[in-house]
Amino acid sequence: MTVLAGVLAAAAALLHVYIWVLESFRWTEPATRRTFGVSERDAPVLAPMAYNQGFYNLFLAIITIVGLALLGSQEDVGRALSLAGTGSMLGAALVLVTHDRSMARAAITQGTLPALAVLFLVLSM
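First, a word on scope: everything that follows refers to the structure included in this document.

### Description of the overall build of the chain
Here comes step 1: Counting its regular elements, the chain contains five helices and zero strands.
Here comes step 2: Going from the N terminus to the C terminus, the chain shows its helices and strands as α-α-α-α-α.
Here comes step 3: By the compact-globule yardstick of 14 Å for 125 residues, the chain fits well, its C-alpha radius of gyration being 15 Å.
Here comes step 4: The principal-axis extent of the C-alpha atoms belonging to the chain is close to 50 × 25 × 20 Å.
Here comes step 5: Expressed as a percentage of its 125 residues, the buried residues of the chain come to 37%.
Here comes step 6: The centroid of the 7 positive side-chain charges in the chain is displaced by 8 Å from the centroid of its 7 negative side-chain charges.

Pasting the structure below:
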């Protein structure tokens, strides 16, 4: 069960690294703007916010990856960090969908892997 939890948490972390790249470095690219539903006119105005938000995603991924790295040697610390990272990812997805139901698809994309990781991390305790 811990291996499955680790794979899911790692996949969630990689997804959030990808989101970091999109938000922090590719925000004004047409494909990224389409992904986030942002107009060409609004993209430069929103770029500083997206850059900052992208780094939040990166930090959640780093917390999760450090937790996974520690699972073998310091299981309790590794599990706590992995749960903190994936739980925060899941929380962000829930905030997204509860704030705006039209964002359900994005929330599902952002939250499914972390939700499964949280589930299996808790079940493997």
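### Some thoughts on the layout of surface pockets
Here comes step 1: Quantified by volume, the largest pocket comes out at close to 820 Å³.
Here comes step 2: Breaking the lining of the largest pocket down by element, the ones donating at least two residues are α1 (2-25), α2 (30-36), α3 (43-70), α4 (75-99) and α5 (104-123).
Here comes step 3: Of all the elements, α3 adds the most residues to the lining of the largest pocket, at eight residues.
Here comes step 4: Taken together, the residues of the lining of the largest pocket break down into 18 nonpolar, seven polar and two charged.

### Here we look at the packing of aromatic side chains
Here comes step 1: Summed over the entire model, instances satisfying the criterion amount to seven aromatic pairs.
Here comes step 2: Both rings, one in W20 and one in F55, keep their centres 5.7 Å apart while their planes meet at 80 degrees; by these two values the pair is edge-to-face. Of this pair, W20 sits in helix α1 while F55 sits in helix α3, placing them 35 residues apart in sequence. Across the pair, exposure class does not vary: W20 and F55 are buried alike.
Here comes step 3: Measuring from centroid to centroid gives 6.3 Å for F25 and Y51, while their planes differ by 85 degrees, and the two rings are edge-to-face.

### Brief notes about the pattern of salt bridges
Between side chains of opposite charge, a pair can form when the charged atoms approach closely.
Here comes step 1: Under the defined criterion, the tally for this structure stands at two salt bridges.
Here comes step 2: A salt bridge links D42 to R41, with the nearest nitrogen and oxygen atoms 3.3 Å apart.
Here comes step 3: We classify D42 as partly exposed; its relative accessible area is 30%.
Here comes step 4: Residue R41 is classed as exposed on the basis of its relative accessible area, which comes to 67%.
Here comes step 5: Close ionic contact of R79 with E75 constitutes a salt bridge, the shortest N to O distance being 2.6 Å. In this pair, R79 and E75 both sit in helix α4, four residues apart, roughly one turn of the helix.
Here comes step 6: Take R79: its relative accessible area is 6%, and that puts it in the buried class.
Here comes step 7: What makes E75 partly exposed here is its relative accessible area of 41%.

So, how was this worked out
- Every chain is numbered on its own, with residues counted from 1 as its sequence reads.
- Note on the predicted model: pLDDT of at least 70 is required for a residue's local features to be given, and 80 or more for side-chain atom pairs to be given and counted; whole-chain, interface and lining totals, by contrast, use all residues.
- Where side-chain values are given, they derive from all heavy atoms of the structure, hydrogens and water being excluded.
- A run of H or I in DSSP becomes a helix once it reaches four residues, and a run of E becomes a strand once it reaches two; helices and strands are each numbered from the N terminus.
- Here the globule rule is a power law, 2.2 Å times the number of residues to the power 0.38, and the radius of gyration is based on C-alpha atoms.
- For every residue, the accessible area (1.4 Å probe, protein chains only) is compared with the maximum for its type, and the residue is labelled buried under 20%, exposed over 50%, or partly exposed between those bounds.
- Positive charges come from Lys and Arg, negative ones from Asp and Glu, while His and the chain ends are left out of the count.
- Think of each charge as sitting on NZ of Lys, CZ of Arg, CG of Asp or CD of Glu.
- In this analysis a 1.4 Å probe is tested at points of a 1 Å grid over the protein atoms alone, and where it fits but cannot get out there is a cavity; an open set with protein on both sides within 12 Å along at least five of seven lines is a pocket; lining residues have an atom within 4 Å of a point.
- Grid points are joined across faces, edges and corners, and a volume is the space filled by probe spheres set on the points.
- Three classes are used, and their members are as follows: Ala, Val, Leu, Ile, Met, Phe, Trp, Tyr, Cys and Pro are nonpolar, Asp, Glu, Lys and Arg are charged, and the others, Gly among them, are polar.
- Any Phe, Tyr or Trp ring, taking Trp's six-membered ring, that has another such ring centre within 6.5 Å forms a pair; planes under 30 degrees apart are called stacked, those over 60 apart edge-to-face, and the others tilted.
- Whenever a carboxyl oxygen of Asp or Glu lies within 4 Å of a side-chain nitrogen of Lys or Arg, that contact is scored as a salt bridge.

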